[in-house]
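Tertiary structure, described
Listed below, chain by chain, are the residues.
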Amino acid sequence: MTVEQIKQSILGEWVSIAPEIRPGIAKNADGSMKPFYLARAFKYSAGDKFELDVINSADAYGKVPLVKIVIKGSIVWQGNHPIAESAQKVKFSADEAYEVTPLIQGFADAMNQLAAKGFDKWELNSPQSIMSKAFAPFGLSEGQVFAEYDLIYLFNDMLFWGARNVDGRGFDTEENRPSNLQIPLVRKK
């Protein structure tokens, strides 16, 4: 498929098949990596625009939602990715919106400890923009536009992105771009 064919094919809304697991940077008491769980809803629109809603959960089944993250922005298509035929390197930029909404009181309390400066009091079910703000929990600096160097691969009407690095590193540089596929998204019905 050409890039234009891929863009046309992914127009619309996509969702996680089931809760997904990711390696985290935080460690358990025994030194092992602490995973985190999430579900994604992704919308791709003409003009290389996207919206991504992520619900992080405390449990593998997604029954205890912690936080909702909403990212809106643009995609820059950067050429072929060697993982699979027609896979494409992309850069997602949160250049329109980046919001965090606590969904459980414990998360709001943690944000009031870790990310109070420059924000209103973190309240349950109240979104706050973190766009271009210093936000230590996500490693963001003042003025930084969040971006990820990722990949897109479409196969059998499933939309794949890159799998997280096993050491929990983000996709914040070209060198950290993923080299494996993660669980795909399927079309929202």
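Higher on the page you've got the structure.
Definitions and limits used
- Residues numbered from 1 in each chain as written.
- Predicted model: local features only at pLDDT ≥ 70, side-chain atom pairs only at ≥ 80, totals over all residues.
- Heavy atoms only, no water.
- Helix = DSSP H or I, 4+ residues; strand = E, 2+ residues; numbered from the N terminus.
- Buried < 20%, exposed > 50% of the residue type's maximum accessible area, 1.4 Å probe, protein only.
- Contact = heavy atoms within 4.5 Å.
- Areas by Shrake-Rupley, 256 points an atom, 1.4 Å probe, with all protein chains shown as cover.
- Lys, Arg positive; Asp, Glu negative; His and termini not counted.
- Charge placed at Lys NZ, Arg CZ, Asp CG, Glu CD.
- Core = buried A, V, L, I, M, F, W, Y, C linked by side-chain atoms within 4.5 Å.
- Arc of directions from axis to C-beta.
- Pairing = 2+ DSSP bridges.

Details of the overall build of the protein
Looking only at helices and strands, the protein has two helices and ten strands in total. Secondary structure elements of the protein occur, N-terminal to C-terminal, as α-β-β-β-β-β-β-α-β-β-β-β. C-alpha extents for the protein along the principal axes are approximately 50 × 35 × 35 Å. Here the protein holds 189 residues, and 40% of them are scored as buried. Restricting the contact set of the protein to residue pairs at least 6 apart, pairs at least 24 apart contribute 52%. Looking at the protein as shown, the accessible area adds up to about 10,000 Å², and 54% of this sits on carbon and sulfur atoms. Charge-centre separation for the protein: the mean point of 21 positive side chains lies 2 Å from the mean point of 23 negative side chains.

A word on the nonpolar core
Judged by nonpolar contacts, the single largest core of 34 residues is most densely connected at Ile10, Phe42, Trp122, Phe135, Ile152 and Leu159. Contributing elements (two or more residues each) for this core: α1 (3–10), β3 (36–45), β4 (49–57), β5 (65–80), β6 (88–102), α2 (105–114) and β8 (147–155). Residues within four places of Ile152 in sequence aside, it is in contact with Ile6, Ile10, Trp77, Ser86, Ala87, Gln88, Val90, Phe92, Leu159, Phe160 and Trp161. Grouped together as the second largest cluster of nonpolar side chains are five residues, Ala84, Leu151, Tyr153 and Phe160 included.

Thoughts on α1
One turn of the α-helix equals 3.6 residues, which is why residues spaced by three or four share an orientation. Of the positions making up α1, those classed as buried are Ile6, Lys7 and Ile10. Each buried residue of α1 lies within a common arc of 100° when the element is viewed along its axis, so the set occupies one face. Exposed residues pointing more than 90 degrees away from the buried face of α1 are listed as Glu4 and Gln8. Where α1 terminates, the next one or two residues include Gly12, which has phi positive at roughly 115°.

Considerations on the pairing of β6
Here twelve bridges tie β5 to β6, and the two strands are oriented antiparallel to one another. When the sheet's bridge partners are listed, Ile75 is paired in β6 with Phe92. Direction of pairing for β6 relative to β8: antiparallel, over a ladder of six bridges. The residue bridging Lys91 from the neighbouring strand is Tyr149, located in β8. Relative to strand β7 (residues 128–129), β6 runs antiparallel, the two being bridged by two bridges. Residue pairing in the sheet places Val100 in a bridge with Gln128 of β7.

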